[in-house]
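Chain by chain, the residues run as shown.
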Amino acid sequence: MTYVRACGLSELEEDTPKRVELDGTPVSVVQTEGEVFAIYDICSHANVSLSEGEVEDCQIECWLHGSSFDLRTGKPSGLPATRPVPVYPVKIEGDDVLVSLTQES
């Protein structure tokens, strides 16, 4: 599995998504509940950036229609979204947040 640097851990604010682009793929990196997650940054219901939404209870909410996605699995927890979005493996090395674009789900 190949990891690439997404951002610095010190750049992340708790429960505030950070949009990055990795090899042309938009990714939202989120630090919440003591962990760091990486999820595809585009809502599966509409072409909207998830990083513009809010994070609560390990979920990221699409600001446009209110669908929430589990940061661990990418599964939607409510309508109108019915399809999951990809989540990606994350590891921390020093201050570097590394993400592999190999999908976990």
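Residues numbered from 1 in each chain as written. Predicted model: local features only at pLDDT ≥ 70, side-chain atom pairs only at ≥ 80, totals over all residues. Heavy atoms only, no water.

1. Some remarks on unusual backbone geometry
The phi angle of most residues is negative, glycine excepted, and most peptide bonds adopt the trans form. Note the threshold: Elements are defined by DSSP. Helices are runs of H or I of four residues or more, strands are runs of E of two residues or more, and each kind is numbered from the N terminus. Any residue under 20% of the maximum accessible area for its type is buried, any over 50% is exposed, and the rest in between are partly exposed; the area is computed with a 1.4 Å probe on protein chains only.
Cis geometry marks the peptide bond from L79 to P80, where omega comes out at 10°. Within the secondary structure, P80 sits in the loop between strand 7 (68-70) and strand 8 (87-88). The phi dihedral of D23 falls on the positive side, at around 50°, and the residue is not glycine. Classification of D23 as exposed rests on a relative accessible area of 68%.

2. As for the nonpolar core
Stated formally: Only buried residues count toward a nonpolar core. Its members are Ala, Val, Leu, Ile, Met, Phe, Trp, Tyr and Cys residues joined through side-chain atoms within 4.5 Å. Contact criterion: two residues are considered in contact whenever any of their non-hydrogen atoms come within 4.5 Å of each other.
One finds I39, L50, I60, F69 and L71 to be the most contacted residues of the largest nonpolar core, which totals 16 residues. When near neighbours in sequence (up to four residues on either side) are disregarded, L71 contacts V30, T32, F37, I39, V55, C58, Q59, I60 and V87. By size, the runner-up hydrophobic cluster in this structure holds 12 residues, among which are L12, L22, V36 and A38.

3. Examining the environment of P76
Tracing the chain through its elements places P76 in the loop between strand 7 and strand 8. Since its relative accessible area comes to 22%, P76 is described here as partly exposed. Spatially, the C-alpha atom of P76 lies 9.8 Å from that of H45, the residues being 31 residues apart in sequence. Aside from chain neighbours lying at most four places away, what touches P76 is S68, F69, A81, T82, R83 and P84.

4. Concerning the sheet that holds strand 3 (residues 25-32)
Formally: When DSSP finds two or more bridges between a pair of strands, those strands are recorded as paired.
Within the open sheet, the four strands sit side by side as 2-3-4-8. Their pairing is antiparallel. Two strands in the sheet have a free side with no partner beyond their single neighbour: strand 2 (18-22) and strand 8. Where strand 2 lies against strand 3, five bridges are found, and the strand directions are antiparallel. Of the residues in strand 3, the one forming a bridge with V20 is V27.

5. A few points about a negative patch on the surface
We apply this condition: For patches, a residue must show more than 30% relative accessible area and have no salt bridge; joins then use 9 Å for like charges and 5 Å for nonpolar side chains, namely Val, Leu, Ile, Met, Phe, Trp and Tyr. The Shrake-Rupley method, run with a 1.4 Å probe sphere, supplies the accessible areas, and residue values consider only the shown protein chains as cover. Salt bridge, as used here, is a side-chain nitrogen of Lys or Arg placed within 4 Å of a carboxyl oxygen of Asp or Glu. All tallies of charge rest on Lys and Arg as positive and Asp and Glu as negative; His and the ends of each chain are not included. Positions of charges follow a simple convention, taking NZ of Lys, CZ of Arg, CG of Asp or CD of Glu.
On the surface, a cluster of negative charge is made up of E14, D15, E33, E35, E54, E56, D57 and E61. Position of E33 relative to the elements: it lies in the loop between strand 3 and strand 4 (35-40).

6. Description of the environment of Y88
Among the structural elements, Y88 can be located in strand 8. We classify Y88 as buried; its relative accessible area is 7%. For the pair formed by Y88 and F37, sequence separation is 51 residues and the distance between their alpha carbons is 7.5 Å.

7. Points about the side chain of S67
Selection rule: Any pair of N or O atoms that falls within 3.5 Å is considered a polar contact. Within protein, one atom must be able to donate a hydrogen and the other to accept it, and sequence-neighbouring residues count only if both atoms are side-chain atoms.
Mapping S67 onto the fold places it in the loop between strand 6 (59-61) and strand 7. A distance of 2.9 Å separates a polar side-chain atom of S67 from the backbone nitrogen of A81. Setting aside its immediate chain neighbours within four residues, S67 contacts I60, E61, C62, G78, L79, P80 and A81.

8. A look at the sheet that holds strand 7
One open sheet accounts for three strands, arranged 5-6-7; its pairing is antiparallel. The strands lining the two open edges of the sheet, one partner per strand, are strand 5 (55-56) and strand 7. One ladder, built from two bridges, connects strand 5 with strand 6; its direction is antiparallel. Residue pairing in the sheet places E56 in a bridge with Q59 of strand 6.

Note that every value here comes from positions in space, so none of it alone points to a role or purpose.
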